[in-house]
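Chains, contacts and geometry: an overview
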Amino acid sequence: MSEFNLIAKYFTRPSQHADLGVGDDAALLRVRSGQQLAISTDMLVAGTHFFHDAAPYSIGWKSLAVNVSDMAAMGANPRWATLAIALPEVNEPWLAEFSKGFFACADAFNVELIGGDTTRGPLTLSVQIMGEVPLGLAIQRSGAKAGDDIWVSGTIGSAALGLAHLQGKVALAEPTTTHCLTALTMPTPRVALGLALRGIANSCIDISDGLTADLSHILKASNLGAELALENIHCDDYLRSHLNDRAIQQCILAGGDDYELLFTAPKSQRQHIQQLSQQLQLSLSLIGETTAQSTLVVKHHQQTVDLSSKGFDHFG
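Residues numbered from 1 in each chain as written. Predicted model: local features only at pLDDT ≥ 70, side-chain atom pairs only at ≥ 80, totals over all residues. Heavy atoms only, no water.

A closer look at the domain arrangement of the chain
When cut into domains, the chain gives domain 1 (3-134) and domain 2 (148-304). Measuring from the centre of the C-alpha atoms in domain 1 to the corresponding centre in domain 2 gives 26 Å. Across the boundary between the two partners, domain 1 contributes 20 residues, which contact 19 residues of domain 2. Inspection of the region where domain 1 meets domain 2 yields 1 salt bridge. Between domain 1 and domain 2 we count 5 residue pairs in polar contact (both at pLDDT 80 or more) in total. Mapped onto the side of domain 1 that touches domain 2, the elements with two or more residues apiece are α2 (56-74), β2 (77-87) and β4 (124-134). Residues belonging to the side of domain 1 that touches domain 2 are distributed by class as follows: 13 nonpolar, 4 polar and 3 charged. (Domains from an automatic or database assignment. Contact = heavy atoms within 4.5 Å. Salt bridge = Lys/Arg side-chain N within 4 Å of Asp/Glu carboxyl O. Polar contact = N/O pair within 3.5 Å; in protein donor to acceptor, adjacent residues only side chain to side chain. Helix = DSSP H or I, 4+ residues; strand = E, 2+ residues; numbered from the N terminus. Nonpolar A, V, L, I, M, F, W, Y, C, P; charged D, E, K, R; others polar.)

Section: the UniProt feature "domain: PurM-like N-terminal" (unreviewed entry) in the chain
This chain's UniProt record puts "domain: PurM-like N-terminal" (unreviewed entry) on residues 23-133. The span residues 23-133 carries 32% helix and 37% strand; its end-to-end C-alpha distance comes to 27 Å. (UniProt positions renumbered as here; feature names shortened; annotations may be inferred.)

Considering the pattern of salt bridges
Within this structure, the stated rule accounts for 10 salt bridges. The shortest N-O distance in the salt bridge between Glu132 and Arg79 comes to 3.2 Å. In this pair, Glu132 sits in strand β4 while Arg79 sits in strand β2, placing the two residues 53 residues apart along the sequence. Accessibility classification places Glu132 together with Arg79 in one group, the buried group. The residue Arg270 makes a salt bridge to Asp149 at a minimum N-O spacing of 2.7 Å. Of the two residues, Arg270 is situated in helix α10 (residues 270-280) and Asp149 in strand β5 (residues 149-153); the sequence distance between them amounts to 121 residues. In the salt-bridge network here, residues are joined through shared partners; they are Asp149, Lys267, Arg270 and Glu289. (Buried < 20%, exposed > 50% of the residue type's maximum accessible area, 1.4 Å probe, protein only.)

Re the UniProt feature "binding site: Mg(2+) 5" (unreviewed entry) in the chain
The sites that carry the UniProt feature "binding site: Mg(2+) 5" (unreviewed entry) are, in the present numbering, Asp209. For Asp209, the location among the structural elements is in the loop between β6 (203-206) and α7 (211-222).

Examining the packing of aromatic side chains
A full pass over the atoms with the stated rule returns 5 aromatic pairs. Measuring from ring centre to ring centre gives 5.6 Å for Phe102 and Phe103, while their planes differ by 85°; the resulting arrangement is edge-to-face. For the pair Phe102 and Phe103, one class covers both residues: buried. Judged by centre distance (6.4 Å) and plane angle (5°), the ring pair of Trp151 and Phe263 falls under stacked. Placement of the pair is Trp151 in strand β5 and Phe263 in strand β8 (residues 261-265), with a sequence separation of 112 residues. Residue classification places Trp151 among the buried residues on the basis of a relative accessible area of 3%. Owing to a relative accessible area of 0%, Phe263 belongs among the buried residues under this scheme. Of the aromatic side chains, those joined through ring pairs into one cluster are Trp94, Phe98, Phe102 and Phe103. (Phe/Tyr/Trp six-rings, centres within 6.5 Å; stacked < 30°, edge-to-face > 60°.)

Examining the nonpolar core
In this structure, Phe11, Leu64, Phe98 and Phe263 are the most contacted members of the largest nonpolar core, which totals 52 residues. Counting residues per element, this core draws most heavily on α2, which supplies 9 residues. Three or more residues apiece are contributed to this core by two domains, here domain 1 (3-134) and domain 2 (148-304). With 33 residues, the next largest nonpolar core counts Ile156, Cys180, Leu211 and Cys235 among its residues. (Core = buried A, V, L, I, M, F, W, Y, C linked by side-chain atoms within 4.5 Å.)

A closer look at a nonpolar patch on the surface
A cluster of nonpolar side chains, Val31, Leu37 and Ile39, forms an exposed patch at the surface whose accessible area comes to about 230 Å². You can see Ile39 is positioned in strand β1 (residues 35-45). (Patch = residues over 30% accessible without salt bridge, like charges linked within 9 Å, V, L, I, M, F, W, Y side chains within 5 Å. Areas by Shrake-Rupley, 256 points an atom, 1.4 Å probe, with all protein chains shown as cover.)

What about the pairing of β5?
With respect to burial, β5 is a largely interior element, 5 of its 5 residues being buried. With burial as the criterion, each face of β5 is covered, one bearing Asp149, Trp151 and Ser153 and the other bearing Ile150 and Val152. Direction of pairing for β5 relative to β8: antiparallel, over a ladder of 4 bridges. Note on β8: the bridge partner recorded for Trp151 is Phe263. As paired strands, β5 and strand β9 (residues 284-291) are joined by 5 bridges and run antiparallel to one another. The residue of β9 that forms the bridge with Val152 is Ser285. (Pairing = 2+ DSSP bridges.)

Encoded structure:
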């Protein structure tokens with residue numbers, strides 16, 4: 001199969017939101033009046049971000065979902081994406097499942113694939129996503145204020161626990177196994193939450209490399225510190241029951257791959273955020289507070305937790 005036949009068969013659909021999509025030298029887009037264009041790129045590499053024998057449907061879903069999550073963190077509405085994919089060979093059954101997973105995520109979040117590239121090489125997926133956010137309403141990392149509440153969505157540590165299970169470091173039973181593997185391979189971007197946080201949150205980031213690592217990006221950009229309470233972080237029952245175990249603590253604080261939203265907001269917004277939790281049927285945990293000091297401290301029932309594990313770093 002030629003490169004162009006591959007694109008036509010697995011990655012071409014009629015344009016819906018673009019003036020011109022897949023099939024030309026460039027796509028043509030029209031950003032709506034009063035909107036800013038938000039752009040992000042993420043790369044997934046076999047053996048680093050997913051196992052070589054991982055289900056292609058889940059790889060397709062996750063390759064787009066992690067990018068949609070970046071839009072959610074900015075309070076942006078995801079709109080368009082491009083996909084550059086390096087393939088060691090043309091494996092049509094694999095491509096069919098991969099494209100199904102990719103477009104399932106695209107349909108779930110109303111994202112249109114408008115272009116990209118294919119080449120031969122080690123399996124690598126690079127997605128660029130573009131979204132729209134009303135002028136001046138993007139939620140940035142640098143907006144946190146001293147004394148802000150620190151919140152996190154969903155359950156934290158499940159993806160890292162699922163990875164530990166696959167690596168043979170822990171043996172999980174059902175339904176924990178299914179929950180954790182789903183969290184790892186099929187993350188759910190929190191777009192509805194991100195849009196709802198416009199004008200409420202002072203800062204936001206999605207958790208990809210680990211809760212404390214990603215919180216540190218907010219703290220550095222805002223020139224702040226923070227104090228967290230480990231016991232307030234919503235997590236899976238297995239993690240909760242082993243919360244005194246240092247390895248489990250690090251799973252929650254530094255494991256990564258959660259793709260939940262971590263955000264700060266004024267204390268005056270607590271009731272509003274609790275109402276959002278009910279409206280979205282999504283757990284929102286109040287886990288700490290930003291401080292004027294430039295240090296990050298995590299405590300578990302008033303005992304300081306070791307933060308020597310800093311989260312995932314590709315070059316660490």
